[in-house]
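Coordinates in review
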Amino acid sequence: MYIGSHTLMKRYDECLLKHGYTIEQLVDKASDCLLKHIHGESFSIVCGPGNNGADGLSLAIKLYQQKKNVQVFIFENTNHLSKANAYYLQKCYDLSLSVYLFQQDNLEELVGYMTACDTIVDAIFGFGLNSSPRGIYQSVIESINQLYDQEVIAVDIPTGLQCDSGKPYQSVIYATSTITLSAMKNGFLNPDSYFFTGKVIVEKLDVDDVSEEAGLYQMADDKMMFPLLKERIFDGYKGTYGHTCLITGCIEYKGAALLSAKGCVYSGSGITTVMSDQEVIHALTQFCPEATAVLRPPILQKEDFLRYDAILIGCGLGQSLDSYRYVIDVLEKTKQPLVIDGDALTILSAHTDLLKHQNRDIILTPHLGEFQRLCPFDSQDDMLLVAQDFAKEHHVVLVLKGPYTIVTNGQESYRIRAGNKAMATGGMGDVLAGIITSLVGQGYPALQAAMLGVFIHGYTGDLLAKEDYTVIPSKLIEFIPKAMNNMIKSNPEVTS
Ligand SMILES: NC(=O)C1=CN([C@@H]2O[C@H](COP(=O)(O)OP(=O)(O)OC[C@H]3O[C@@H](n4cnc5c(N)ncnc54)[C@H](OP(=O)(O)O)[C@@H]3O)[C@@H](O)[C@H]2O)[C@H](O)CC1
Ligand SMILES: [K+]
């Protein structure tokens, strides 16, 4: 399943136009999608001035041609209409459909006409709405919401719901169901949006598939992720599964280093070496005796890293001057695939130029606050686009942590369907960084390692959250092997 934001959906339409479709053809195909899910005998179709409205007008024509009882309501019939809207409105007039024009003084009367129908179709605004519906639109939305006997079907998005966040503007249609076109809208991932959308049906237009060309995100679910995890091989040994180096922890933040090391070991790393302070190393022998350790030298040299397959820097590294130097040393002197997390990301924020000419796989795992430092953005910005552009510009795999964590390398983009609110506890991100580094060390390509790491982490948390109110990192780690085994056993390619 693909997911789009308002910018990505606009881009999707532009791609289709570049493929040679006309906007009138696209609207025609959109109304074919709607028609499949519309039942009933009498319809009030409420159409705004843009292409969402055009979808409604084209649908009205098809229903009318099926001899249904159709009345169309519009807000203006001037040159403010989109090209497709004007085209289909003219067709409605040509066919002598009943078309009513909303004005301030006839609003009550026209909404009254709708009480005679069984279905109201909301084709007022779709992803083109850019602020709270203004003026008469607001009054009409509120009046429609007062009608309780009619089914309300929203075209693409309930009018007044924000496409990207799933939050309502001041006035929003409460739909019984929403037929969303071409891709799931990002806002619908927000569970609160369900109040407004009702049941969501995703319908793909019968056109060339431009989802990837337009940069839509893909939902990475069990079906996609289970097969990515490889079975351990018959004659494997520790050398088969990579040697990872974790430059983590300091006197003040020991726990983060311990959790990332254990996450790395438990998700299958052949050898895990923690490069840290004496105090961290001492604690590590108690917490995770399987990990090895080396004392972190004051200046990191290229030779210190030759034997490693993957490096992690961050996870309790702190932000001292030493930590700054470590981050810069690692970026300047090592060549292995690299995972950058926590404090190291904050340090990197002032030196993103160091990401240039790296010529190796780099995975960044910020939460929103860390990402804001790396890439200042505005709260109104389209995060799907911001994340994608950042990854593309800096040639990194970006793991933007949150509900349905974003994983993108700028070319391919995913939302990971795993994880839950019970996992919102300190140290969770450290475990994730450890798992991802482990997978990189085991030879998974960076994008796959990032996706799989996020999925394994979330999937383990989901198993635990079935029984527990909170899921704490040290308990989650203990369940990683079981969860990975579960994934392998549930994968039809392995079990059959
Ligand atoms: N591939 C597909 O999925 C297709 C989807 N289609 C449908 O097209 C709409 C998007 O159409 P678009 O024309 O881009 O946008 P809208 O119809 O949603 O809205 C544009 C009009 O809305 C006005 N507007 C914007 N904000 C406000 C506001 N706050 N108050 C009042 N009016 C507002 C805007 O006016 P401006 O002056 O701001 O320009 C426009 O008049 C999509 O959702 C699908 O339904 C197509 O079928 C093609 C294929
Ligand atoms: K709508």
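Quantities reported herein were computed from a predicted structural model and do not represent experimental measurements.

What to know about the overall build of the chain
For the chain, the count of helices and strands is 18 helices and 19 strands. With the principal axes as the frame, the chain shows a C-alpha extent of 85 × 45 × 40 Å. The burial tally for the chain puts 57% of its 496 residues in the buried class. Long-range pairs, those at least 24 residues apart, make up 73% of the contacts in the chain between residues at least 6 apart in sequence. For the chain, the computed accessible surface area is about 21,500 Å², with 52% contributed by carbon and sulfur atoms.

Considering the pattern of salt bridges
A side chain of one charge can pair with a side chain of the opposite charge if their charged atoms are brought near each other. Inspection of the entire model under this criterion finds 13 salt bridges. Between Glu 203 and Lys 36 there is a salt bridge whose closest N-O contact spans 3.1 Å. Taken as a pair, Glu 203 in strand β9 (residues 199-203) and Lys 36 in the loop between α2 (23-35) and β2 (42-47) lie far apart in primary sequence, 167 residues in all. In this structure, a network of salt bridges that share partners links the residues Asp 28, Asp 32 and Lys 62.

Thoughts on the domain arrangement of the chain
Taken domain by domain, the chain comprises domain 1 (2-212) and domain 2 (222-495). The distance between the C-alpha centroids of domain 1 and domain 2 comes to 43 Å. Of the residues lining the interface, 10 residues belong to domain 1; the matching set on domain 2 comes to six residues. When the two sides are added together, the surface that domain 1 and domain 2 hide from each other amounts to roughly 730 Å², 58% of it contributed by carbon and sulfur. It is Leu 8, Arg 11 and Leu 189 in domain 1 that bury the most area against domain 2; as a group they hold 48% of the surface buried on that side. On inspection of domain 1 and its partner domain 2, the count reaches three residue pairs in polar contact (both at pLDDT 80 or more). Put simply, the parts of the chain that give the side of domain 1 that touches domain 2 at least two residues each are β1 (2-4) and α1 (6-18). The element best represented in the side of domain 1 that touches domain 2 is α1, accounting for four residues.

Comments concerning the site of ligand 1
Close to ligand 1 lie 26 residues; Asp 13, Asp 55, Gly 126, Asn 130 and Asp 156 are nearest. Within the backbone of Phe 127, an N or O atom sits 3.1 Å from an oxygen atom of ligand 1. At a separation of 3.2 Å, a nitrogen atom of ligand 1 approaches a polar backbone atom of Arg 134. Coverage of ligand 1 by the protein chains reaches 86% of its 950 Å² of free accessible surface. Looking at the shell around ligand 1, the elements with two or more residues in it are α1, α2 and α3 (51-65). When the residues that make up the shell around ligand 1 are grouped by side-chain class, the tally is 12 nonpolar, 10 polar and four charged.

Some remarks on the packing of aromatic side chains
Here the structure, examined in full by the defined rule, presents 15 aromatic pairs. On the basis of an interplanar angle of 40° and a centroid distance of 4.5 Å, the ring pair of Phe 75 and Tyr 137 is categorised as tilted. Of this pair, Phe 75 sits in the loop between β3 (69-74) and α4 (83-94) while Tyr 137 sits in helix α6 (residues 135-145), placing them 62 residues apart in sequence. Each member of the pair, Phe 75 together with Tyr 137, is buried. An aromatic cluster is defined as three or more aromatic residues linked by ring pairs; in this entry it consists of Phe 73, Phe 75, Tyr 100, Phe 102, Tyr 113, Phe 125 and Tyr 137. Over the ring of Phe 287 we find Lys 262; its NZ or CZ atom is 4.5 Å from the centre of that ring. Positioned above the aromatic ring of Tyr 326 is the side chain of Arg 325, whose terminal nitrogen or guanidinium carbon lies 6.0 Å from the ring centre.

Focus on the sheet that holds strand β11 (residues 243-248)
Spatially, the 12 strands line up as an open sheet ordered β8-β1-β10-β19-β18-β17-β16-β15-β14-β11-β12-β13, and their pairing is mixed. Edge positions in the open sheet fall to β8 (184-185) and β13 (292-295), since each of these has one partner strand only. In the sheet, strand β10 (residues 217-220) pairs with strand β19 (residues 413-416) via three bridges, with the strands oriented parallel. The residue bridging Gln 218 from the neighbouring strand is Tyr 414, located in β19. The strands that helix α15 (residues 428-441) touches are β11, β14 (310-314), β15 (338-340), β16 (362-364) and β17 (397-400); relative to β14, the one it contacts most, it runs at about 160°.

Some points on the pairing of β3
For β3, the tally of buried residues reaches five of six residues, placing the bulk of the element in the interior. As judged from the six bridges shared by β2 and β3, these two strands associate in the parallel manner. Bridge assignment links Ile 45 to a residue of β3, and that residue is Val 72. Here β3 runs beside strand β4 (residues 98-101); their pairing, made up of four bridges, is parallel. The residue bridging Phe 73 from the neighbouring strand is Tyr 100, located in β4. Running through α4, the crossover from β3 to the neighbouring parallel element β4 is right-handed.

Reading the values: the criteria
- Residues numbered from 1 in each chain as written.
- Chains lettered and ligands numbered in written order.
- Predicted model: local features only at pLDDT ≥ 70, side-chain atom pairs only at ≥ 80, totals over all residues.
- Heavy atoms only, no water.
- Helix = DSSP H or I, 4+ residues; strand = E, 2+ residues; numbered from the N terminus.
- Buried < 20%, exposed > 50% of the residue type's maximum accessible area, 1.4 Å probe, protein only.
- Contact = heavy atoms within 4.5 Å.
- Areas by Shrake-Rupley, 256 points an atom, 1.4 Å probe, with all protein chains shown as cover.
- Salt bridge = Lys/Arg side-chain N within 4 Å of Asp/Glu carboxyl O.
- Domains from an automatic or database assignment.
- Buried area = accessible area lost by both parts, 1.4 Å probe.
- Polar contact = N/O pair within 3.5 Å; in protein donor to acceptor, adjacent residues only side chain to side chain.
- Near = heavy atom within 4 Å.
- Nonpolar A, V, L, I, M, F, W, Y, C, P; charged D, E, K, R; others polar.
- Phe/Tyr/Trp six-rings, centres within 6.5 Å; stacked < 30°, edge-to-face > 60°.
- Lys NZ or Arg CZ within 6 Å of the ring centre and 35° of its normal.
- Pairing = 2+ DSSP bridges.
- Axes fitted to C-alpha atoms, helices over the stretch in contact; angles between N-to-C directions.
- Right-handed = clockwise from strand over helix to strand, strands pointing away.

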